[in-house]
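Read off the chains here:
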Amino acid sequence: MYPSGNLFIPAEHGQLEAILKEPRTGPAKGVALVLHPHPLGGGTMHNKVVFRAAAALNDAGLITLRINFRGVGQSTGQHDEGPGEREDARNALDYLAANYPDLSITLCGFSFGARFGLEVGIADARVKYLIGIGTPLKNYNFEFLQACRKPLLLVHGELDEYGDVERVKEMAAELKGHTQVRLVVIPGAGHFFDHHLDDLKRAITDWISEQLAA
């Protein structure tokens, strides 16, 4: 149904299928790992939000890496509801750090990918910037964000059915006490940003461009 990835990253369970894409113009300003939503809900690296987020980061001059979590597409292994997927994210970061040692790393996750990707990114010294899209507060505990001390962008739909926007605003306000955080709420958008993907893309490109220029 989907085109095969152009890269396979070694993992303890075998391999992770991935797509690596370089920016179209100029030398790379950084690298980014983009993680997809829940596999049991049909989430893959081809998800439209993940694809658009990666395109936004490409537009800002970053090399982007999208992976399929274990058990998805041509990635080996089985879905692990979080712990194994954290390890998948670490394997992808290992690949980026080994192949682009002089470039800063951004970690971007959507929904399930935000829950487990951000947790990995906060703890990994190699990751400099964090982006969470559609943080599903209804489904998961995000208390781990209190440990964040890195620049963080949260992009959320005003009508997100998996994360009440008022709760997300409260969480962002608390985080501002100890880290640099920006919350962008997209008016009228639901969890999957239908009809608002351009707004999502613009928010990501603008923010990461500002971070890299600072």
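To be clear, the structure that these remarks concern was listed above.
Fair warning: this is a prediction, and the values are worked out from it, not measured in the lab.

Asker: Give a description of the overall build of the chain that names residues and reports values.
Answerer: Within the chain, the regular secondary structure consists of five helices and eight strands. Starting at the N terminus, the α and β elements of the chain follow one another as β-β-β-α-β-α-β-α-β-β-α-β-α. Taking 2.2 N^0.38 as the reference for a compact globule, 214 residues should give roughly 17 Å; the C-alpha atoms of the chain span a radius of gyration of 16 Å, in line with that estimate. In terms of its C-alpha atoms, the chain occupies a principal-axis envelope of roughly 40 × 40 × 35 Å. Out of the 214 residues in the chain, the part that is buried amounts to 56%. Counting only carbon and sulfur atoms, one obtains 49% of the accessible surface of the chain, whose full area is about 9,300 Å². Of the charged side chains in the chain, 21 are positive and 26 negative; the average position of the first set lies 4 Å away from that of the second.

Asker: Describe in detail the nonpolar core, supporting the description with residues and values.
Answerer: Core analysis: the largest hydrophobic core is formed by 41 residues, its most contacted members being L33, L65, I67, L145 and L152. Per element, the largest residue contribution to this core is six residues, and it comes from helix α3 (residues 112-123). Not counting residues up to four positions away in its chain, the partners in contact with L152 are L118, L130, I131, G132, L145, L175, Q180, V181, R182 and W207. Counting residues in each nonpolar core, the second largest holds 26 residues, with C108, I133, L197 and W207 among its members.

Asker: Would you mind going over the environment of K176 in detail, with residue names and values included?
Answerer: Secondary-structure assignment places K176 in the loop between α4 (165-175) and β8 (181-186). The class for K176 is exposed, based on a relative accessible area of 54%. Remark: the alpha-carbon pair of K176 and E161, spanning 15 residues in sequence, is separated by 24 Å.

Asker: Give me the sheet that holds strand β3 (residues 30-35): which residues, what numbers.
Answerer: The pairing of strands in a sheet comes from backbone hydrogen bonds and takes either a parallel or an antiparallel form. Spatial ordering of the open sheet is given by β1-β2-β4-β3-β5-β6-β7-β8, a layout of eight strands whose pairing is mixed. Bordering the open sheet on either side are β1 (7-11) and β8, each of which pairs with just one other strand. Shown here is a sheet whose adjacent strand axes are inclined to one another by a mean of 20°, direction ignored. Relative to strand β7 (residues 152-157), strand β6 (residues 127-133) is paired through four bridges, and the arrangement is parallel. Note that in β7 the partner of L130 across the bridge is L152. Lying over the sheet, helix α1 (residues 48-59) contacts β2 (14-21), β3, β4 (62-67), β5 (105-110) and β6, oriented at roughly 160° with respect to β4.

Asker: Explain α1 residue by residue, including any values.
Answerer: Residues spaced three or four apart along an α-helix face the same direction, because each turn holds 3.6 residues. With 12 residues, α1 ought to run about 16 Å at 1.5 Å a step, and its terminal C-alpha atoms sit 16 Å apart, in line with that. Those residues of α1 lying buried are V49, V50, A53, A54, A55, A56, L57 and N58. Against β2, β3, β4, β5, β6 and α5 (197-213) lie the buried residues of α1. Between a side-chain oxygen at the N-terminus of α1 and the backbone nitrogen of V49 the separation is 2.8 Å; the capping residue is N47. Just downstream of α1 lies G61, where phi reads positive at about 100°.

Asker: Now, about the pairing of β2: what can you tell me, with residues and values included?
Answerer: Alignment of β1 against β2, held across five bridges, turns out to be antiparallel. Paired with I9 across the two strands is L16, which belongs to β2. Connecting β1 to the antiparallel partner β2 that follows it, the hairpin turn spans two residues.

Asker: Which residues make up the packing of helix α2 (residues 83-99) against α3, and what are the values?
Answerer: As a packed pair, α2 and α3 sit with axes 9 Å apart at the nearest point and diverge in direction by 60°. As summarised for this structure, α2 and α3 are arranged oblique, according to the angle between their axes. Relative to α3, α2 is oriented so that their crossing is right-handed. Taken together, the residues of α3 that come into contact with α2 (itself represented by E85, R86, A89, R90 and L93) are F112, F116, E119 and V120.

Calculation criteria
- Residues numbered from 1 in each chain as written.
- Predicted model: local features only at pLDDT ≥ 70, side-chain atom pairs only at ≥ 80, totals over all residues.
- Heavy atoms only, no water.
- Helix = DSSP H or I, 4+ residues; strand = E, 2+ residues; numbered from the N terminus.
- Rg over C-alpha atoms; globule rule 2.2 N^0.38 Å.
- Buried < 20%, exposed > 50% of the residue type's maximum accessible area, 1.4 Å probe, protein only.
- Areas by Shrake-Rupley, 256 points an atom, 1.4 Å probe, with all protein chains shown as cover.
- Lys, Arg positive; Asp, Glu negative; His and termini not counted.
- Charge placed at Lys NZ, Arg CZ, Asp CG, Glu CD.
- Core = buried A, V, L, I, M, F, W, Y, C linked by side-chain atoms within 4.5 Å.
- Contact = heavy atoms within 4.5 Å.
- Pairing = 2+ DSSP bridges.
- Axes fitted to C-alpha atoms, helices over the stretch in contact; angles between N-to-C directions.
- Expected span 1.5 Å × (residues − 1).
- Polar contact = N/O pair within 3.5 Å; in protein donor to acceptor, adjacent residues only side chain to side chain.
- Parallel < 35°, antiparallel > 145°, perpendicular 65-115°, else oblique.
- Left-handed = near helix turned anticlockwise from the far one by under 90°.

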